Amino acid sequence: VRESFAEDMSESADAQRNGAWQRKTLEFCISAHQKIFCEGDKERMEILQAVYNRKARTAGGEECKTLDDGTRESCDIDGGQMVKEQCEGTKQCHLMRSDHPRCPDGAFTVMRLRIQCSAGEPRPEPLRTPTFGVVTTTAPTLPDVAELVRQAVHLPEAARQYLPEA
């Protein structure tokens, strides 16, 4: 669950100049998967600010757990770079617990994110595979020569001459 505060930009003179439709401020626990999105079909988001803190609860009262298992280490409260890589220019994006850093000086618990949704063609969200705690391994890239030779019995003799020896 996340807290969202929206500011309607449709009447603002600044919004009319730069095509902004809506600004949103989101506050959420970083220990949970988050879906961030703009509501319109032809809207894209701009990341205005992303800041970590160590609050025990969000503004809406949700209790947040500490995050000690991030894939990178940093105690910098500015999370803008990571959020921009995942979300800038997209219609929607996902932030996973593994996206956030771990801080040995005191674990972060909450992110406050300010975005602006504007008219424009969104870029696709970067592809990645969510693992949600599942350990993944890569398949070996070298072929099993014995298996190739076993399967090659059905090839014509002219083709078998190019196979490696088993």
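Parameters and conventions
Residue positions within a chain follow its written sequence, with the count starting from 1. Predicted model: local features are reported for residues with pLDDT of at least 70 only, side-chain atom pairs are reported and counted for 80 or more only, and whole-chain, interface and lining totals are derived from all residues. Side-chain measures here rest on the full set of heavy atoms in the structure, leaving out hydrogens and waters. Numbering of helices and strands runs from the N terminus; a helix is a DSSP stretch of H or I covering at least four residues, while a strand is a stretch of E covering at least two. Only protein chains enter the accessibility calculation, which uses a 1.4 Å probe. A residue is then buried if its area is under 20% of the maximum for its type, exposed if over 50%, and partly exposed in between. Any pair of Phe, Tyr and Trp rings, taking the six-membered ring for Trp, is counted once the centres come within 6.5 Å. Such a pair is stacked with planes under 30 degrees apart, edge-to-face with planes over 60 apart, and tilted for the rest. Geometrically, a lysine NZ or arginine CZ counts as sitting over a ring once it is within 6 Å of the ring centre and also within 35 degrees of the ring normal. Here, a disulfide means two cysteine sulfur atoms that sit within 2.5 Å of each other. Any two residues having at least one pair of non-hydrogen atoms within 4.5 Å are treated as being in contact. This arc is taken over the directions from the axis of the helix to the C-beta atoms. Nonpolar cores were defined as sets of buried Ala, Val, Leu, Ile, Met, Phe, Trp, Tyr and Cys residues, with membership established by side-chain atoms within 4.5 Å. The pLDDT value tells you how sure the predictor is about a given residue, anywhere from 0 up to 100.

Describing the environment of A119
Turning to step 1, where the next piece is worked out: When you line up the elements, A119 lands in strand β6 (residues 110-119).
Turning to step 2, where the next piece is worked out: Given the relative accessible area of 44%, A119 is considered partly exposed.

Here we look at the packing of aromatic side chains
Turning to step 1, where the next piece is worked out: Tallied over the entire structure, the rule returns one aromatic pair.
Turning to step 2, where the next piece is worked out: An angle of 20° between the planes, with centres 5.0 Å apart, marks the rings of Y52 and F108 as stacked. Of the two residues, Y52 is situated in strand β4 (residues 43-53) and F108 in the loop between β5 (92-95) and β6; the sequence distance between them amounts to 56 residues.
Turning to step 3, where the next piece is worked out: Take F108: its relative accessible area is 0%, and that puts it in the buried class.
Turning to step 4, where the next piece is worked out: Its guanidinium or amino end placed over the ring of F37, K24 lies 4.6 Å from that ring's centre, counting from NZ or CZ.
Turning to step 5, where the next piece is worked out: Sitting above the plane of the F37 ring, K35 keeps its charged end 6.0 Å from the centroid.

Points about the state of the cysteines
Turning to step 1, where the next piece is worked out: As enumerated under the stated definition, the model contains four disulfides in all.
Turning to step 2, where the next piece is worked out: Each sulfur of the disulfide joining C29 and C64 lies 2.0 Å from the other. Between C29 and C64 the disulfide shows an S-S torsion of about -70°. By sign, it is left-handed. Residue C29 is found in strand β2 (residues 20-29), and its partner C64 is found in the loop between β4 and α2 (80-87); the two are separated by 35 residues along the sequence. Here C29 matches C64 in class, with each residue buried.
Turning to step 3, where the next piece is worked out: Sulfur-sulfur distance for the disulfide between C87 and C93 comes to 1.9 Å.

Let's talk about the side chain of H100
Turning to step 1, where the next piece is worked out: Turning to its location among the elements, H100 is positioned in the loop between β5 and β6.
Turning to step 2, where the next piece is worked out: The exposure class of H100 is buried, given its relative accessible area of 1%.
Turning to step 3, where the next piece is worked out: Beyond its immediate sequence surroundings of up to four residues, H100 is in contact with I30, Y52, L67, G70, T71, M82, L95 and M111.

Quick notes on α2
Turning to step 1, where the next piece is worked out: Three or more residues of α2 are buried, namely G80, M82, V83, Q86 and C87. The buried residues of α2 all sit within an arc of 165° when viewed along its axis, so they share a single face. Residues of α2 that are exposed and angled more than 90 degrees away from the buried face: Q81 and E85.
Turning to step 2, where the next piece is worked out: At its buried positions, α2 is contacted by β4, β5 and β6.
Turning to step 3, where the next piece is worked out: At the C-terminal side of α2, G89 shows a positive phi close to 85°.

Considering the nonpolar core
Turning to step 1, where the next piece is worked out: Formed by 21 residues in total, the largest nonpolar core has its most connected members in F28, I36, M45, V83, L95, M111 and L113.
Turning to step 2, where the next piece is worked out: Of all the elements in the fold, those that place two or more residues in this core are β2, β4, α2, β5 and β6.

Things to note about the confidence of the model for the protein
Turning to step 1, where the next piece is worked out: Confidence in the prediction of the protein, expressed as mean pLDDT, is 79, and 75% of residues score 70 or more.
Turning to step 2, where the next piece is worked out: When pLDDT is averaged over each element of the protein, β4 comes out on top at 96 and helix α1 (residues 13-18) at the bottom at 46.
Turning to step 3, where the next piece is worked out: A low-confidence stretch, residues 5-17 stays under pLDDT 50, and its non-local contacts, those more than four residues away or across chains, total 19 contacts.
Turning to step 4, where the next piece is worked out: A low-confidence stretch, residues 132-139 (pLDDT under 50), is modelled with two contacts involving residues beyond four sequence positions or located in other chains.

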